[in-house]
Amino acid sequence: MIAILKKDAPDQAVSHLRSWIEGKGLTTHLSRGENEIVIGLVGDTTKIDPFLLESMDIVERVQRVSEPFKKANRKFHPADTVVDCGHGVKIGGGHFQVIAGPCSVEGENLIRIARRVKAAGATMLRGGAYKPRTSPYAYQGMGERGLDLLREAGDELGMPIVTELMDPRDLPRFLDRKIDVLQIGARNAQNFPLLKEVGRTSVPVLLKRGMSGTVDELLMAAEYIMSEGNPNVILCERGIRTYETRTRNTFDLNAVPVIHHLSHLPVVTDPSHATGYTRYVGPMALAATAAGADGLEIEVHDDPSHAWSDGAQALTPDMFDDVMDRIRQIRAAITAPVD
Ligand code: PEP
Ligand code: MN
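Presented here is an overview of the structure given in this document. Here the structure is a predicted model, which is why all the values come from computation and not from measurement.

Quick look at the coordination of the manganese ion (ligand 2) now. Coordination sphere of the manganese ion (ligand 2), protein contribution only: Cys103 (SG), His273 (NE2), Glu299 (OE) and Asp310 (OD), at 2.0 to 2.4 Å. One chain supplies every donor for the manganese ion (ligand 2), spaced along it as C-x169-H-x25-E-x10-D. With Cys103 in the loop between β7 (97-101) and α3 (109-120) and His273 in helix α9 (residues 271-275), this pair connects stretches of sequence that are 170 residues apart.

Even without a glycine there, the phi angle at His87 is positive, about 50 degrees. Note on placement: His87 falls in the loop between β5 (83-84) and β6 (90-91). Given the relative accessible area of 41%, His87 is considered partly exposed. If you check the backbone angles, Asp310 has positive phi at about 55 degrees while not being a glycine. Within the element layout of this structure, Asp310 appears in the loop between β14 (295-299) and α11 (317-334).

If you check which residues of helix α6 (residues 192-199) are buried, you get Leu194, Leu195, Val198 and Gly199. Down the axis of α6, the buried side of the element spans an arc of 140 degrees, and every buried residue falls inside it.

So, on to the nonpolar core. Core analysis: the biggest nonpolar cluster contains 66 residues, and Val117, Leu207, Leu235, Ile298, Phe320 and Ile327 have the highest contact counts within it. It is helix α7 (residues 215-227) that contributes the most residues to this core, seven residues altogether. Contact partners of Phe320, with chain neighbours within four places excluded, come to Val98, Ala100, Val117, Ala120, Ala122, Ile298, Val300 and Leu315. Judged by nonpolar contacts, the second largest core, of 16 residues, contains Ala3, Leu5, Ile21 and Val59.

Reading the values: rules and limits
Residues numbered from 1 in each chain as written. Chains lettered and ligands numbered in written order. Predicted model: local features only at pLDDT ≥ 70, side-chain atom pairs only at ≥ 80, totals over all residues. Heavy atoms only, no water. Donors = N, O, S within 2.8 Å, 3.2 Å for Na, K, Ca; no water. Helix = DSSP H or I, 4+ residues; strand = E, 2+ residues; numbered from the N terminus. Buried < 20%, exposed > 50% of the residue type's maximum accessible area, 1.4 Å probe, protein only. Arc of directions from axis to C-beta. Core = buried A, V, L, I, M, F, W, Y, C linked by side-chain atoms within 4.5 Å. Contact = heavy atoms within 4.5 Å.

So this is what it looks like as structure tokens:
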């Protein structure tokens with residue numbers, strides 16, 4: 001971290017600032033240029049609040065030299081992380097996976113949908129048993145029964161199951177059913193106690209980007225999980241809120257190469273929540289695949305007009321078959337042959 005001071009900063013104020021920084025266990029390096037005075041801060045800069053530093057009278061501006069995320073940072077871990085989701089399914093580092101299933105677990109239709117998505121080539125099954133809904137009067141999910149149905153479907157088909165955990169108090173129920181991947185939804189992307197709680201397990205976590213979250217905030221959320229000891233984090237770009245109203249969210253495909261540049265963690269994208277409309281899901285699934293995503297999460301329902309949630313963005317199993325065929329073509333086109 002570097003603090004650029006005003007050029008007329010009095011010597012006494014400069015040395016006072018240096019002792020304040022050094023009092024926090026860091027060392028300082030002072031350099032006086034013709035137009036400015038620069039203090040280099042060396043050591044554990046997490047001890048310094050850059051906004052507090054910048055608010056000080058003699059400080060013109062503060063610049064970070066290194067990113068605040070360490071465990072998620074590619075600089076300290078150059079190789080891609082491969083997350084083992086169970087049932088032989090790995091994601092990241094060239095392993096591409098498609099997670100598909102209904103928005104909510106609704107009952108017996110789960111296994112029918114699961115058989116179809118598996119036959120089409122999906123390798124992981126999704127479905128929400130605890131649903132984050134904007135309205136408390138909307139369908140809230142089947143709860144434990146939903147987890148049981150997912151587990152049964154996953155076991156029958158040999159597919160890892162992915163389902164959202166909203167409340168740390170429910171975690172034991174998820175662990176009892178050996179849920180393969182814990183999804184942290186967009187609304188909880190900065191629920192720090194929840195992130196820490198899943199960080200204390202070793203279960204893979206599919207961490208979605210917050211609705212108004214920046215890439216850095218997503219990486220810091222991953223850091224919360226990883227700093228508790230769980231390295232198995234899969235990031236998910238699911239669209240962000242912008243001024244555009246023609247789609248449910250704005251799909252930030254930039255995030256895929258940007259995150260690959262900054263982090264070693266796998267990046268999945270969710271074109272269903274990112275667009276909100278069935279007609280746009282296929283094209284954007286292909287675009288995300290072409291952009292180098294490590295996987296996709298897609299909502300599929302066999303009767304979208306009667307779905308209990310998110311019917312407007314569900315693909316039917318027939319549509320999903322078609323999208324999967326085209327995803328395979330894109331993968332073949334962009335994947336360099338392995339010798
Ligand atoms: C979901 O995947 O079911 C979901 C609610 O997604 P998000 O958290 O991205 O809105
Ligand atoms: Mn949904």
